[in-house]
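A closer look at the structure
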Amino acid sequence: MSSDTFAPLNAATRRPSAALTPALLLAGVAWWALAALMIVWPDKPAGFAPPRFVSETHQLFILLAALLTVAALIGRLLSWRLLLDPLQQAARWLVALALLIGLWEMVTAKLALLPAPFFAPPRALVEAYATDWFRLGDSVLNSLRLLALGFLFGSLSGFVTGVAIGWSRGLGYWVHPLLRFLGPVPSTALLPLSLYFFPSSFSAAIFLIALATWFPVTVLTWSGVSSVDKRYYDVARTLGASNLFLILRVAVPASLPHVFVGLFMGLGASFSVLVAAEMMGVKSGLGWYLQWAQGWAAYANMYGALIVMAVLFSSLITLLFAVRDRLLKWQQNAVKW
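Criteria and thresholds
- Residues numbered from 1 in each chain as written.
- Predicted model: local features only at pLDDT ≥ 70, side-chain atom pairs only at ≥ 80, totals over all residues.
- Heavy atoms only, no water.
- Helix = DSSP H or I, 4+ residues; strand = E, 2+ residues; numbered from the N terminus.
- Buried < 20%, exposed > 50% of the residue type's maximum accessible area, 1.4 Å probe, protein only.
- Contact = heavy atoms within 4.5 Å.
- Areas by Shrake-Rupley, 256 points an atom, 1.4 Å probe, with all protein chains shown as cover.
- Salt bridge = Lys/Arg side-chain N within 4 Å of Asp/Glu carboxyl O.
- Arc of directions from axis to C-beta.
- Expected span 1.5 Å × (residues − 1).
- Bend = angle between axes of the 7 residues up to and from the residue.
- pLDDT = per-residue confidence, 0-100.
- UniProt positions renumbered as here; feature names shortened; annotations may be inferred.
- Phe/Tyr/Trp six-rings, centres within 6.5 Å; stacked < 30°, edge-to-face > 60°.

What follows concerns the overall build of the chain. Scanning the chain for helices and strands turns up 14 helices and zero strands. The N-to-C order of helical and strand elements in the chain reads α-α-α-α-α-α-α-α-α-α-α-α-α-α. Taken across its 337 residues, the chain has 38% of its residues classed as buried. At a minimum sequence separation of 6, the contacts of the chain that also span at least 24 residues come to 72%. Counting every atom, the chain has about 19,800 Å² of accessible surface; 71% of that belongs to carbon and sulfur.

If you walk through the whole model with that rule in mind, you get nine salt bridges. Where Glu-105 meets Arg-123, a salt bridge forms, and the shortest distance between an N and an O atom there is 3.9 Å. With Glu-105 in helix α5 (residues 91–110) and Arg-123 in helix α6 (residues 122–131), the pair connects residues that are 18 residues apart, well separated along the chain. Accessibility classification places Glu-105 together with Arg-123 in one group, the buried group. In this structure, the salt-bridge partner of Arg-237 is Asp-234, at a minimum N-O distance of 3.9 Å. Note that Arg-237 and Asp-234 are positioned in helix α11 (residues 230–238) at a spacing of three residues, about one turn of the helix. Looking at Arg-237, the relative accessible area reads 43%, which means it is partly exposed. Take Asp-234: its relative accessible area is 44%, and that puts it in the partly exposed class. What you see here is one network of salt bridges that share partners, running through Asp-43, Glu-105, Lys-110 and Arg-123.

Another point: helix α13 (residues 286–295). If you check which residues of α13 are buried, you get Leu-286, Gly-287, Tyr-289, Leu-290 and Ala-293. Viewed along the axis of α13, the buried residues span an arc of 160°, placing them on a single side of the element. Looking at the residues trailing α13, positive phi occurs at Ala-297, about 60°.

The terminal C-alpha atoms of helix α12 (residues 243–278) lie 43 Å apart, and with 36 residues this falls more than 12% below the ideal 52 Å at 1.5 Å per residue. In α12, a bend of some 55° at Leu-256 exceeds every other bend along the element, and Pro-257, a proline, comes one to four places later.

Reading fine detail from the predicted coordinates is not recommended where pLDDT is low. Scored by pLDDT, the chain comes out at a mean of 85, with 90% of its residues at no less than 70. Within the chain, the element-level pLDDT minimum falls on helix α1 (residues 7–13), averaging 42, and the maximum on helix α7 (residues 133–167), averaging 94. The low-confidence segment residues 1–15 (pLDDT under 50) makes four contacts with residues lying over four places distant or belonging to another chain.

Glancing now at the side chain of Ser-155. Looking at the element boundaries, Ser-155 is found in helix α7. By relative accessible area, Ser-155 is classed as buried at 11%. With residues up to four places along the chain from it excluded, the contact list for Ser-155 reads Thr-213, Val-217 and Leu-263.

Moving on to the UniProt feature "transmembrane region" (unreviewed entry) in the chain. Here the UniProt feature "transmembrane region" (unreviewed entry) sits at residues 20–40, 60–78, 90–113, 146–167, 179–198, 204–225, 246–276 and 296–323. Structurally, residues 20–40 comprises 90% helix and 0% strand, and the distance from its first C-alpha atom to its last is 29 Å. Secondary structure within residues 179–198 divides into 55% helix and 0% strand; the distance between the first and last C-alpha atoms comes to 22 Å.

This part is about unusual backbone geometry. Not every positive phi belongs to a glycine, and Ala-112 is a case in point at roughly 55°. Not every positive phi belongs to a glycine, and Ala-297 is a case in point at roughly 60°. Structurally, Ala-297 is set in the loop between α13 and α14 (299–327).

Across all of its chains, the model carries eleven aromatic pairs by this definition. Aromatic pair Tyr-173 and Trp-174: ring centres 5.2 Å apart, planes at 90°, arrangement edge-to-face. Taken individually, Tyr-173 and Trp-174 each receive the classification exposed, so the pair is uniform in this respect. A ring pair is formed by Phe-264 and Phe-321, whose centres lie 4.2 Å apart and whose planes are at 10°; its orientation type is stacked. Separated by 57 residues along the polypeptide, Phe-264 in helix α12 and Phe-321 in helix α14 bring together distant segments of the chain. No difference in accessibility class separates Phe-264 from Phe-321, as the two residues are buried. Members of the aromatic cluster, connected to one another through ring pairs, are Phe-260, Phe-264 and Phe-321.

This part covers the environment of Ala-164. Structurally, Ala-164 can be placed in helix α7. Taking relative accessible area as the criterion, Ala-164 reaches 25% and is therefore assigned partly exposed. The spacing of Ala-164 and Trp-222 is 58 residues in sequence and 7.8 Å in space, taken between C-alpha atoms.

Now for the environment of Ile-317. Residue position: Ile-317 is located in helix α14. Ile-317 gets classed as buried once you look at its relative accessible area, which sits at 16%. Expressed as a C-alpha distance, the spacing of Ile-317 and Gly-268, which sit 49 residues apart in the sequence, is 8.2 Å.

What follows is the structure, encoded as structure tokens:
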């Protein structure tokens, strides 16, 4: 058999050559133009501070532009699609990010159109991360601990309450009116009472976060258990299933889509309560850090904490969606994030 027989197979299995898209090329140009803008155009003097030309933070943007260029070239020359494909998918966002940072640099450092120190240039944000990373990191860890404890207690108690009132009509008769009356009350409105009844501001913050999580998880779990098709119970009873089996193996699995919707809503509510609670007596946390930065007029640190907060909260919701898609594989596209 000649080697020509395998020619179509070899051609089909050969790795296609990767090409740089125009958007990725434009992204590389945009980031190099951003670095040139920061270096060539001198800053406008603000107060008694002399204008700054090249600094370590400017060199950081040069490094970012160089890394983007090198990564694109390596992916192109070696046909590494695992490296090149994510860059090409994010190319338009990379262009938009470079334009946004360039506009931010011009209206703050170059033209001083926005008043200082309320609006700091991009390099002030980088300097805030570089000089205050320890305090900010400690605040992130304390916020995660507070959020984890409050969300865990709230979700577990809400799940148990929702299953109980969804399964038992007698219990639902007494709990449902209380749920409708007290549930919609914002948790932050109970902050003065929680500080009085709990021994520390930390435990009071955990209670408020748990309360904000408990209400949506309870309502959605109750709705999920109540909406289970009664024929499922009838079939299980004919096979000799007990009430405990019906709850754990029929009602709970069937209500999981509703439970996860309640968890999403509870997690979103817990974020706002977390920040508000940390501003009232807690000694460390992202909410405390925001208040501390505002008190010292360190607005660059405040903006840096807001960015960290957005990334952190978005990552937690993404993680919860990943858990949902793992457990509910038949409903992966039912809820989008």
